[in-house]
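Descriptive structure summary
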There are 2 protein chains.
Amino acid sequence: MRPTTKDLAQAAGVSLATVDRVLNGRPGVRKKTVDAVNNAIQKIGFERNQVAATLARKRGYRFGFVLPKEGDEFLDEIMERIREIQRAGRAEMMSVKTIRIDEQDPHKAAASLSRLKTEDFDGIAIMAPETPQIRDAILRMRERGILTIPFISNQQNDENDVFVGIDNRAAGATAGRLMGRFVCAQQGVVAVITDTVQARDSLERRLGFDDVINHDFANLRVLPTLETYADPERTQRIIRTIMASQPDLVGIYMMGSEARVPLEMLSQFRTDEDLVTIAHEKTPSTVAALRDRKLDALVAQNPGHLVRSAVRILRAKCENRPTLASQEKTRIEILIADNLY
Amino acid sequence: MRPTTKDLAQAAGVSLATVDRVLNGRPGVRKKTVDAVNNAIQKIGFERNQVAATLARKRGYRFGFVLPKEGDEFLDEIMERIREIQRAGRAEMMSVKTIRIDEQDPHKAAASLSRLKTEDFDGIAIMAPETPQIRDAILRMRERGILTIPFISNQQNDENDVFVGIDNRAAGATAGRLMGRFVCAQQGVVAVITDTVQARDSLERRLGFDDVINHDFANLRVLPTLETYADPERTQRIIRTIMASQPDLVGIYMMGSEARVPLEMLSQFRTDEDLVTIAHEKTPSTVAALRDRKLDALVAQNPGHLVRSAVRILRAKCENRPTLASQEKTRIEILIADNLY
DNA sequence: TTGTAGGCGTTATCAC
DNA sequence: GTGATAACGCCTACAA
């Protein structure tokens, strides 16, 4: 039988309460006693039973996801996965809530974060742009004792802490290599479209993309990034212009997470089967485009994985135990028509 | 506060013990009482607390993985992931064991399965070739009351039951499309190498591969599958012959899960940068080959995911609750040099 | 600084 | 058939 806290208390010659204090790093125990307990842990090979520990805490774990108020299809997927885990989590004594913030207004957003109280949350996963106000708000949350982890959009990797999301530079590189391999032309020009290059994510993807193209595909020339500002009309204009002005166009890289609008516009123009198109994220639009051969490949991060990984990491932090590193590294998925599952 | 069994007992006008009997489908309760409890469940929105339930069962969950005795690098990865979950599982009241069977000898293998007792296992994930003896042994295990699920190698999908592993036909199709897209030649010949075409997995991959090539890449001709029987010398001979006899060779598809030997042999010959090579499974050998540009792409199933998914499914079955379908579908991963993480 | 006792929401073992 | 009641292993008052 596995040793229990009772065995441990006996082995260390202390009471259950003291064992609990040491186990959970609570104050009010003499160093000597702490050592005695720790030695006993080693000696009898004690390992805490998380199931019992969770049950004994009256309240379960309460986690939150901070998400932008306005979002694209990718965000819809994320929210659907959060809903899934909400349902499944109840039986495991875990509740998950979402908090929407106004991404456009850093002050409002920061204020929303400030309102999150320690009494309501054990940990929060935060998807938010990198602004001074938000960074401060996050720091203050931590001081209040709420665990936080960056979610999908990285907050400049402040401490070499965990981060749930993909390496965007590698994602861009992946897109770059697929573009290079799929284009069979001797020479050609590649266009890059995104909503805005403001975000760090876009910058990193572009860097990765260029790295690969410049290094391994000298036959291709990549044009400056075109910004749509998520405006359909502007998007249409951009695509029309690029198609008309670049006779050597062989590929289009849709770099943002909102490929729906560019794809719609593109489908009005694309007649040339040799134009290679690559986008990000698996959404209803991109999946349909992949099936219809309007898109050649998708570079994606799995929304379900992101959400579950965030929750697992927060929970592990709460319980003060390590996570399986191999499980929590977010994979850069490549999707084509045949592995869409 | 969430309703507990106590609340439920009160609402149904019965005792805790009866509630438990109904909840766990145990016999010895009048139909009328069962209905009363079920109605009360609906009425008060009761949902069982799995944490408490797990704790209250004296023993935790005991699962097993049946694996072949002899294996390749892919199997090593699987075992490493099982070890990981063994460590992590203890705190969650779950133990995981592996049982190695002699794949070459169906009778011995079946005998090994027969030895697995209900007292020792709540559920077993089985990776085994599809032979009458093994099929029977599995059926008998089920009759004994042990939950079983096919693992990686499918047992002809007997009941439309769960299956942990990839759709091999889709995996072959994925390899086919990558081959078609990566080969830029006007015309060419593609070779297919595997250990043996005995296994259903190989057949299905080949079907998927051919589907795509025939349908979408008329410029390519796929040669009959070459079998290495996992013999290095034979592999070398095969590769030498194919390189010499097929001047139009533009691609090699290593269809089995053991790409190490073919890759080694290939590296002795490959000088032509235009030869596209695609293999299966992420292992030290294939990863190194991908990095060294000796391999262009990998079609893989994630070993960690496979193992954890099997455990989650077994556990859910034990606890008589559903799984997250989106999480348990094994993805067909495409790996290139840039998304190897 | 340390210990005692009661409780978390189930399951299991007895009686009736 | 059904109902009390004692575990399960840990946490948390409150007492000493």
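Residues numbered from 1 in each chain as written. Chains lettered and ligands numbered in written order. Predicted model: local features only at pLDDT ≥ 70, side-chain atom pairs only at ≥ 80, totals over all residues. Heavy atoms only, no water.

Considering the overall build of chain A
Secondary structure assignment for chain A yields 14 helices and ten strands. In terms of its C-alpha atoms, chain A occupies a principal-axis envelope of roughly 85 × 40 × 35 Å. Within chain A, buried positions represent 53% of all 341 residues. Looking at chain A alone, contacts between residues at least 24 apart form 72% of all its contacts between residues at least 6 apart. Just so you have it, chain A exposes about 15700 Å², and 49% of that area is on carbon and sulfur atoms. (Helix = DSSP H or I, 4+ residues; strand = E, 2+ residues; numbered from the N terminus. Buried < 20%, exposed > 50% of the residue type's maximum accessible area, 1.4 Å probe, protein only. Contact = heavy atoms within 4.5 Å. Areas by Shrake-Rupley, 256 points an atom, 1.4 Å probe, with all protein chains shown as cover.)

Concerning the sheet that holds strand S4 (residues 147-150) of chain A
Residues and elements named next belong to chain A. Taken together, the four strands give an open sheet; going across it, the order is S2-S1-S3-S4, and neighbouring strands pair in parallel fashion. Each edge of the open sheet is held by one strand with a lone partner, namely strand S2 (94-101) and S4. Across the sheet, the mean angle from the axis of one strand to that of its neighbour is 20 degrees, orientation sign disregarded. In this sheet, S2 lies alongside strand S1 (residues 61-68) in parallel orientation, the contact comprising eight bridges. Of the residues in S2, the one forming a bridge with Pro68 is Ile101. (Pairing = 2+ DSSP bridges. Axes fitted to C-alpha atoms, helices over the stretch in contact; angles between N-to-C directions.)

Observations concerning the protein's contact with DNA strand D
What surrounds DNA strand D is a group of 24 residues, the closest being Thr5 and Asp20 of chain A together with Ser15, Arg21 and Thr33 of chain B. Sugar and phosphate atoms constitute 68% of the interface atoms of DNA strand D, taking the interface as everything within 4 Å of the protein. Measuring from a phosphate oxygen of DNA strand D, one finds a backbone N or O atom of Asn49 of chain A at 3.1 Å. Elements represented by at least two residues in the surface near DNA strand D include exactly helix H4 (50-56) of chain A together with helix H2 (16-23) and helix H4 (50-56) of chain B. Counted by class, the surface near DNA strand D contains ten nonpolar, eight polar and six charged residues. (Near = heavy atom within 4 Å. Polar contact = N/O pair within 3.5 Å; in protein donor to acceptor, adjacent residues only side chain to side chain. Nonpolar A, V, L, I, M, F, W, Y, C, P; charged D, E, K, R; others polar.)

Quick word on the relation of the copies chain A and chain B
Note on the identical chains: chain A maps onto chain B by a rotation of 180 degrees and an axial translation of 0.0 Å, with an RMSD of 0.1 Å. What the superposition gives is, in effect, a two-fold axis relating one chain to the other. Of the residues that chain A buries at the interface, 100% are likewise interface residues in chain B, meaning the two copies contact each other through the same surface. (Least-squares fit on C-alpha atoms with pLDDT ≥ 70 in both.)

Here we look at the packing of helix H1 (residues 5-12) of chain B against helix H3 (residues 31-44) of chain B
Residue and element names in this part refer to chain B. Between H1 and H3, whose axes approach to 9 Å, the crossing angle comes to 120 degrees. Taken as axis vectors, H1 and H3 run oblique relative to one another. Crossing handedness for the pair H1 and H3: right-handed. Only Ala36, Val37, Ala40, Ile41 and Ile44 of H3 make contact with H1, whose side of the interface consists of Asp7, Leu8, Ala11 and Ala12. Each residue belonging to the contact of H1 with H3 can be placed in one class, and the counts come to eight nonpolar, no polar and one charged. (Parallel < 35°, antiparallel > 145°, perpendicular 65-115°, else oblique. Left-handed = near helix turned anticlockwise from the far one by under 90°.)

A look at the protein's contact with DNA strand C
For DNA strand C, the set of nearby residues contains 28 residues, the closest of which are Ser15, Arg21 and Thr33 of chain A together with Thr5 and Asp20 of chain B. Backbone atoms, meaning sugar and phosphate, form 65% of the atoms of DNA strand C found within 4 Å of the protein. Here Asn24 of chain B contributes a side-chain N or O atom positioned 3.2 Å from a phosphate oxygen of DNA strand C. Those elements that provide at least two residues to the surface near DNA strand C are helix H2 (16-23) and H4 of chain A together with H2 and H4 of chain B. When the residues that make up the surface near DNA strand C are grouped by side-chain class, the tally is twelve nonpolar, eight polar and eight charged.

Examining H3 of chain B
All names here are of chain B. Here H3 is 14 residues long and its end C-alpha atoms lie 20 Å apart, about the 20 Å a rise of 1.5 Å per residue gives. Within the sequence span of H3, burial applies to Thr33, Val37, Ala40 and Ile41. One face of H3 carries all of its buried residues, which in axial projection span an arc of 105 degrees. H3 presents Lys31, Lys32, Asn39, Gln42 and Lys43 as exposed residues on the side facing more than 90 degrees away from its buried surface. For H3, the elements touching its buried residues are H1 and H2. Directly beyond the C-terminal end of H3, a positive phi value near 65 degrees is found at Gly45. (Expected span 1.5 Å × (residues − 1). Arc of directions from axis to C-beta.)

Some remarks on the packing of H2 of chain B against H3 of chain B
Residue and element names in this part refer to chain B. At a minimum axis separation of 10 Å, H2 and H3 run at an interaxial angle of 85 degrees. Here H3 runs roughly perpendicular to H2, going by the angle between their axes. For the pair H2 and H3, the contacting residues are Thr18, Val22 and Leu23 in the first and Thr33, Val34, Val37, Asn38 and Ile41 in the second. Broken down by class, the residue content of the contact of H2 with H3 amounts to five nonpolar, three polar and no charged.

Considerations on the UniProt feature "domain: HTH lacI-type" (unreviewed entry) in chain A
Listed under "domain: HTH lacI-type" (unreviewed entry) in the UniProt record, and renumbered for this structure, are residues 3-57 of chain A. Note that residues 3-57 of chain A is 67% helix and 0% strand, and that its end C-alpha atoms are spaced 20 Å apart. (UniProt positions renumbered as here; feature names shortened; annotations may be inferred.)

Description of the pairing of strand S9 (residues 297-300) of chain A
Residues and elements named next belong to chain A. Alternating residues of S9 divide into Ala297 and Val299 and Leu298 and Ala300, and every residue in both groups is buried. As paired strands, strand S8 (residues 276-280) and S9 are joined by three bridges and run parallel to one another. Paired with Ala279 across the strands is Leu298, a residue of S9. In this fold, the crossover linking S8 to S9 by way of helix H12 (residues 284-291) has right-handed handedness. (Right-handed = clockwise from strand over helix to strand, strands pointing away.)

Quick word on the environment of Gln10 of chain A
Residue and element names in this part refer to chain A. If you trace the backbone, Gln10 turns up in helix H1 (residues 5-12). For Gln10, a relative accessible area of 66% corresponds to the exposed category. With 30 residues separating them along the chain, Gln10 and Ala40 place their C-alpha atoms 9.1 Å apart.

Section: the pattern of salt bridges
Here the idea is simple: oppositely charged side chains can pair when their charged atoms come close. Scanning the model with the defined rule gives 53 salt bridges over all chains in all. Here Glu258 of chain A ties to Arg260 of chain A by a salt bridge, and the two come within 3.5 Å at their closest N and O atoms. We classify Glu258 of chain A as buried; its relative accessible area is 16%. For Arg181 of chain B, the salt bridge is made with Asp296 of chain A, and the minimal N-O distance between the two is 2.8 Å. Here Arg181 of chain B is found in helix H8 (residues 168-182), whereas its partner Asp296 of chain A is found in the loop between H12 and S9 on a different chain. (Salt bridge = Lys/Arg side-chain N within 4 Å of Asp/Glu carboxyl O.)

Focus on the domain arrangement of chain A
Taken domain by domain, chain A consists of domain 1 (5-47), domain 2 (58-163 + 303-330) and domain 3 (168-300). If you average the C-alpha positions of domain 1 of chain A and of domain 3 of chain A, the two centres end up 59 Å apart. (Domains from an automatic or database assignment.)

Section: the interface of chain A and chain B
The interface of chain A with chain B comprises 48 residues on the first partner and 48 residues on the second. Approximately 4300 Å² of surface area, both sides summed, lies buried where chain A meets chain B, with 54% of it carried by carbon and sulfur atoms. Where chain A touches chain B, the interface holds ten salt bridges. The partner of Glu333 of chain B in a salt bridge is Arg331 of chain A, and the shortest N-O contact between them spans 2.7 Å. Our enumeration of links across chain A and chain B arrives at 16 residue pairs in polar contact (both at pLDDT 80 or more). Breaking the side of chain A that touches chain B down by element, the ones donating at least two residues are H4, helix H5 (73-90), helix H8 (168-182), helix H9 (200-216), helix H13 (303-318), helix H14 (325-328) and strand S10 (333-335) of chain A. The element contributing the most residues to the side of chain A that touches chain B is H8 of chain A, with seven residues. (Buried area = accessible area lost by both parts, 1.4 Å probe.)

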